[in-house]
Amino acid sequence: MKQKYWEQFIKTGKIDDYLSYKGMEICQNIMEKYEEKRSEPGSNSNRDGAFIVADWRI
């Protein structure tokens, strides 16, 4: 899929096409990291690494 965006940029030379290509690259990296997190065994943290603390005291 990234290849399609790169080829479009090569054909046109437009900055918009380059940014679309880079956006796809960034998106792919984020999705890979998300998949890695999902495959880890359960823990008490959210996807950003912050720990969940359920404390309902007032």
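Everything discussed here concerns the structure shown above.
Reading the values: rules and limits
Residues numbered from 1 in each chain as written. Predicted model: local features only at pLDDT ≥ 70, side-chain atom pairs only at ≥ 80, totals over all residues. Heavy atoms only, no water. Helix = DSSP H or I, 4+ residues; strand = E, 2+ residues; numbered from the N terminus. Buried < 20%, exposed > 50% of the residue type's maximum accessible area, 1.4 Å probe, protein only. Areas by Shrake-Rupley, 256 points an atom, 1.4 Å probe, with all protein chains shown as cover. Salt bridge = Lys/Arg side-chain N within 4 Å of Asp/Glu carboxyl O. Axes fitted to C-alpha atoms, helices over the stretch in contact; angles between N-to-C directions. Parallel < 35°, antiparallel > 145°, perpendicular 65-115°, else oblique. Left-handed = near helix turned anticlockwise from the far one by under 90°. Contact = heavy atoms within 4.5 Å. Nonpolar A, V, L, I, M, F, W, Y, C, P; charged D, E, K, R; others polar.

Observations concerning the overall build of the protein
(1) Moving on: Counting its regular elements, the protein contains 2 helices and 0 strands.
(2) Moving on: For the protein, the proportion of its 58 residues judged to be buried stands at 7%.
(3) Moving on: For the protein, the exposed area adds up to about 5600 Å²; of that, 55% sits on carbon and sulfur atoms.

Re the pattern of salt bridges
(1) Moving on: One pass over the full model with this rule turns up 2 salt bridges.
(2) Moving on: The partner of Glu25 in a salt bridge is Lys22, with the nearest N and O atoms 2.5 Å apart. With Glu25 and Lys22 both in helix H2 (residues 15-39) and 3 residues apart, this pair spans about one turn of that helix.
(3) Moving on: Salt bridges sharing common partners tie together Lys2, Lys22 and Glu25.

Concerning the packing of helix H1 (residues 2-12) against H2
(1) Moving on: The N-to-C vectors of H1 and H2 enclose an angle of 165°; their axes lie 8 Å apart at closest approach. Our classification of the angle between H1 and H2 gives roughly antiparallel. The two elements H1 and H2 meet at a crossing, and its hand is left-handed. Listed contacts from H2 to Lys2, Tyr5, Trp6, Gln8, Phe9 and Thr12 of H1 are Asp17, Tyr18, Ser20, Tyr21, Met24, Glu25 and Gln28.
(2) Moving on: Considered class by class, the residues forming the contact of H1 with H2 number 6 nonpolar, 4 polar and 3 charged.

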